[in-house]
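Chain by chain, the residues run as shown.
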Amino acid sequence: MPLIEVRGLKTYFYTEDGIVRAVDGVDYVIEHEKTLGVVGESGCGKSVTALSIMGLVQIPPGKIEDGEILFHRDGKVMDLTKLNPKGREMRAIRGNEIAMIFQEPMTSLNPVYTIGNQIMEAIILHQKLNKKNAKNKAIEMLRAVGIPLPEQRVDEYPHQLSGGMRQRAMIAMAMSCNPSLLIADEPTTALDVTIQAQVLELMNALRAEFNASIQFITHDLGVIAGMADDVVVMYLGRIVEASNVREIFHNGKHPYTQGLMNSIPSLAAEKERLEPIKGVVPDPFEVPAGCGFEPRCPHAMEICKTKMPDLKEVAPGHTTACWLYE
Amino acid sequence: MPADNILLDVKGLQKYFPVRKGVFRRTVAHVKAVDGLDMFIREGETLGLVGESGCGKTTTGRSILRLIEPTAGDILFRSKKMAEGGETYKEVNVVTAHRKMMKALRREMQIIFQDPYSSLNPRMTVGSIVGEPLLVHGLAKGAEREDRVKALLAAVGLKPDHMKRYPHEFSGGQRQRIGVARALALDPQLIVCDEPVSALDVSIQAQVINLLEDLQGEFGLTYLFIAHDLSVVKHIADRVAVMYLGKIAELCTTEELFTAPKHPYTEALMSAVPVPDPDWNVERILLEGDVPSPVAPPPGCYFHPRCRYAKDICKTEAPVYRDLGDLHFVTCHFAESLNLQPVRSG
C-alpha cells in the first residue's frame, strides 16, 4: 500500500546565474512501513526531493514547477504540492505526520534551548498536551531512543550531548508525534561507524514499533544495503534506476548504478583495483542535452547525446532509464 | 625480532594538549591525544591508521612531521638522501632535529590533507602552489621550475594549462590531485595521507585512491594512510594500526587483521562497517556508549567499559602493547585466548 506517491516532481531554483533543475521529473512510491533508500552523489537532487515533500523548499529562489506529491492517509489522498507551505494544513502535517532528521545534529538543534524544550515544542503544538504532560512525553521519547538518564538529559543543552546522543535526541523529536513518514537525510554521515551502527539499529527498531515508513537519503551504499527495502538511484535530478534492494545490488542495470558499485571498496570483496567512474558530475548550469550520465558512461551511444531515456521496466518491479535497454 | 627495511620508527610517542582554565590560564588537565605509541613503517609500504574521531590518528600524523611538537618519544627517520660516505642511510630523530635538519627532513616527508577546499590557498595559482616547495628549498627556478610543475601536474592527471588557474576553478577531486602534486614536488620518501578521500564523492574517491596507488609504484613512495573508513584502508594498506583513545589497540598485516583479529575493539569496529551487500549477515557487535574523554580515560584498559569480554583485571590493570609473534601487535590481556569474529570474505 503506498503512503507517498511522487509523480513527475520538478523543483527548480531560479538563481542569478540561471535555472538549476535540482529535481527534474522524479517518480517514486514510498510503501507503508517500508524503508525507501535514495542514493546519489552530491548535487543529484536527493535532498531537494525530501525538502519538496516537507514543503521546506525556499520560495523564491526555489519553485515546485510541476508534479504531484500524493499523501495517502485514512483512505484519502491529498496532494502536498497544492498546499500552501506556510498554511494551516501543511503545518499540521509537517513535524506531525511527516517528520525529518538532518545530517548534522549540532546545526539543526537550537543551542540556547534545552533538548526537552525542543522536543516539547512539537508535542505541545500538535498533540495539545499541557507543559507537564509534554515533558513526561519528552522523557519517554528520550528513553525510547536509548538515551541514558532521560530525566536528567531532558534539561540539558545540545552542547552537553555527544554527536551520537544529539542524533538520538533529533530522532526522539521527530518520532514524538508518531509520524507515518520519517525522512532521514544522511542521518549518520557525521557519526563514527560504531555510533552509526547504534543509530541505524535504533531507526529500524523505531520504524517497527511506530509502524512508520522511512525515506532514507544517503550516499553510502553500505548503509543503504543494510537499511532499505526499496532503492532509487538518482543522478542529476532524475531517477536512473529503481527496484528492491536485492535487485539493485545484485542485478543493477544502469551504467551509473554499476559504476557506483565498482568504484567502492568493500569489506566483503577483494578488489585488485577500483574502477572509478570517469570524469565528474556536470555543472548544474550545463546539463547535457540527452542522458545526464552520457559524458561519463562507458556504454554511451549516439542517441544518448540527444535524447533523454525514460524509466522503463526491465524486470517486474525494476525500472531503469537507459537506452541500452530499449 | 626487528623488521627489515624500516623507514620510520616511532617509539613511545606522546602528545598531550594542556586544558587551561581560569584567569591565570592554569593547566588543570591534559588531553592525552597520543599516549605512548610504538610503530614502524617499512620502505615502500602503506601503513593504514584507523580509528574513530578523537582517537589521535591525525595528531599522530602531524607529530611525525613535527607540524605539532610531540610531548615525548622518538621518531627515527632513515634518510637515504642524507647518507654520507659508506652509509646506506642516515638515521635522524625528528623530535630532536634542529632547524636546518628539519628543513632537510621536510624534503623527505610530506602530507596530503583531508579537505581539498581549505588546504589550498585561494589566492595562489595552481602553478605557484605546486611550485612553492621548489622555491622554498631553492631546487628549481624560472623555466626549470615551470617544467617541473608541468611534469608534476601530468603525473597526477592534470593538464599543463591548469597552472594558471586558481583552486576555486577545480572540483574536489581535482583539488585533491593538486594537493598530491604539491606533496610530490620535493620527491619525498614518506607521505602522510590524512583522510585524503573522506571529503570526496564515492565515484571520485576511487579516482584518487587509484592515483595514490599508481604514484606509489612509480615513485617508490611510502604512505602513512590515516582514515576512518575501514573499507578504504583494507583496500589500500599493507598493514593496519587500529587506534583507540591515543593508543594502538592492534597492529598487523591487513590480511591478518581482517581474518584473525586479536583485539575486541577491532572486532567490533569491523562488524559495524556497513557493507554494500544486502545479503551480508554478520553479527553486529553494538558497542555501548561513546568513546570516553581523553582528558580522563578510564583506569585499566581504556576499552574495558565498552568491551564485552572485559574481566576484573581489565578494570584495574592496563594491558601492555606486545608482539604476539610475527609482528602482530596488540594491547589486550586476553589476545591469545579470545576467539574473535573475522570478516568473512566473499
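As the structure is a computational prediction, the values presented were derived from the model and not from experiment.

This next bit is on the overall build of chain B. Summing up its helical and strand segments, chain B has ten helices and twelve strands in all. Projecting the C-alpha coordinates of chain B onto the three principal axes gives extents of approximately 70 × 55 × 50 Å. When each of the 346 residues of chain B is scored for burial, the buried share is 46%. Of the contacts formed within chain B by residues at least 6 apart in sequence, a portion of 64% connects residues at least 24 apart.

A few words on the sheet that holds strand 1 (residues 2-15) of chain A. Residue and element names in this part refer to chain A. The strand order across the open sheet built from four strands is 2-1-4-5, with neighbouring strands paired in antiparallel fashion. With one partner strand each, in any of the chains shown, strand 2 (18-31) and strand 5 (76-79) form the two edges of the open sheet. Mean inter-strand twist for the sheet, computed between neighbouring axes without regard to direction, equals 10°. Bridge count for strand 4 (residues 62-73) against strand 5 is four bridges, and the pairing is antiparallel. By the bridge assignment, F71 is partnered in strand 5 with M78.

Residue and element names in this part refer to chain B. Their axes nearest at 7 Å, the elements helix 3 (residues 126-136) and helix 5 (residues 172-184) cross at an angle of 30°. Of the possible angle classes, the one that applies to helix 3 and helix 5 is roughly parallel. Handedness of the helix 3/helix 5 crossing: right-handed. Listed contacts from helix 5 to V126, I129, V130 and P133 of helix 3 are I178, A181 and R182. By residue class, the composition of the contact of helix 3 with helix 5 is six nonpolar, no polar and one charged.

Grouped together as the largest cluster of nonpolar side chains are 189 residues, with contacts concentrated most on V233 of chain A together with L224, F225 and V242 of chain B. Considering every element that reaches this core, the biggest residue donor is helix 7 (residues 163-175) of chain A, with eight residues. Counting residues domain by domain, this core receives three or more from each of domain 1 (2-97 + 179-274) and domain 2 (112-176) of chain A.

Low pLDDT marks regions whose predicted coordinates should not be analysed in detail. Summarising the model, chain B shows a mean pLDDT of 91, and 98% of its residues fall at 70 or more. The complex model carries a pTM of 0.89, and its ipTM stands at 0.84.

With that settled, consider the interface of chain B and chain A. The partner chain A presents 40 residues to the 36 residues of chain B that form the contact. Looking at the side of chain B that touches chain A element by element, the count peaks at seven residues for helix 6 (residues 202-219) of chain B. For the side of chain B that touches chain A, the class distribution of residues is 19 nonpolar, eleven polar and six charged.

Most peptide bonds take the trans form, and the phi angle of most residues other than glycine is negative. Omega for the peptide link from I59 of chain A to P60 of chain A comes to -20°, which places this bond in the cis form. For P60 of chain A, the location among the structural elements is in the loop between helix 1 (46-54) and strand 4. Omega for the bond connecting P60 of chain A with P61 of chain A falls within 30 degrees of zero, at 5°, which places this linkage in the cis form. As for its position among the elements, P61 of chain A is in the loop between helix 1 and strand 4. Here the phi dihedral of D187 of chain B falls at roughly 55°; this positive angle occurs in a residue that is not glycine. Position of D187 of chain B relative to the elements: it lies in the loop between helix 5 and strand 7 (190-194). For D187 of chain B, a count of 15 C-beta atoms within 10 Å gives the class partly exposed.

Now for the domain arrangement of chain A. Residues and elements named next belong to chain A. Once the domains are mapped, chain A shows domain 1 (2-97 + 179-274) and domain 2 (112-176). The interface of domain 1 with domain 2 comprises 14 residues on the first partner and eleven residues on the second. No other element matches helix 8 (residues 193-210), which puts seven residues into the side of domain 1 that touches domain 2. Residues that form the side of domain 1 that touches domain 2 fall into these classes: eleven nonpolar, three polar and no charged.

Residue and element names in this part refer to chain B. End to end, helix 5 covers 19 Å across 13 residues, agreeing with the expected 18 Å (1.5 Å per residue, within 8%). Restricting attention to buried positions, one finds in helix 5 the residues G173, Q174, R175, Q176, R177, I178, G179, V180, A181, R182, A183 and L184. Looking at the packing, one finds that the buried side of helix 5 touches strand 6 (109-112), helix 3, helix 4 (142-155), strand 7 and helix 6.

Quick look at the environment of E52 of chain B now. Secondary-structure assignment places E52 of chain B in the loop between strand 3 (46-50) and helix 1 (57-64). Overall, E52 of chain B belongs to the buried group, with 21 C-beta atoms counted inside 10 Å. In sequence terms E52 of chain B and K103 of chain B are 51 residues apart; their C-alpha atoms lie 32 Å from each other. Those residues in contact with E52 of chain B, other than ones at most four positions away along the chain, are D192 and T194 of chain A together with H228 and V291 of chain B.

Looking now at the packing of helix 5 of chain B against helix 6 of chain B. Residue and element names in this part refer to chain B. Running from N to C, helix 5 and helix 6 point in directions that differ by 20°, and their axes come no closer than 10 Å. Between helix 5 and helix 6, the angle falls in the class roughly parallel. Of the two elements, helix 5 crosses helix 6, and the hand of that crossing is right-handed. Between helix 5 and helix 6, the residues in contact are G172, G173, Q176, R177, V180 and L184 and I204, Q207, V208, L211, L215 and F219, respectively.

The side chains of a regular strand alternate between the sheet's two faces. All names here are of chain A. Counting buried residues along strand 7 (residues 181-185), five of its five residues qualify, which places the element largely inside the surrounding structure. The alternating pattern of strand 7 places L181, I183 and D185 on one face and L182 and A184 on the opposite face, and all of these are buried. Bridge analysis of strand 6 (residues 98-101) against strand 7 gives four bridges, and the strand direction is parallel. Its bridge partner being in strand 7, I98 is matched across the sheet by L181.

How each quantity is defined
- Residues numbered from 1 in each chain as written.
- Chains lettered and ligands numbered in written order.
- Predicted model: local features only at pLDDT ≥ 70, side-chain atom pairs only at ≥ 80, totals over all residues.
- Helix = DSSP H or I, 4+ residues; strand = E, 2+ residues; numbered from the N terminus.
- Buried ≥ 20, exposed ≤ 12 C-beta atoms within 10 Å, placed from the backbone.
- Contact = placed C-beta atoms within 7 Å.
- Pairing = 2+ DSSP bridges.
- Axes fitted to C-alpha atoms, helices over the stretch in contact; angles between N-to-C directions.
- Parallel < 35°, antiparallel > 145°, perpendicular 65-115°, else oblique.
- Left-handed = near helix turned anticlockwise from the far one by under 90°.
- Nonpolar A, V, L, I, M, F, W, Y, C, P; charged D, E, K, R; others polar.
- Core = buried A, V, L, I, M, F, W, Y, C linked by C-beta atoms within 7 Å.
- Domains from an automatic or database assignment.
- pLDDT = per-residue confidence, 0-100.
- Expected span 1.5 Å × (residues − 1).

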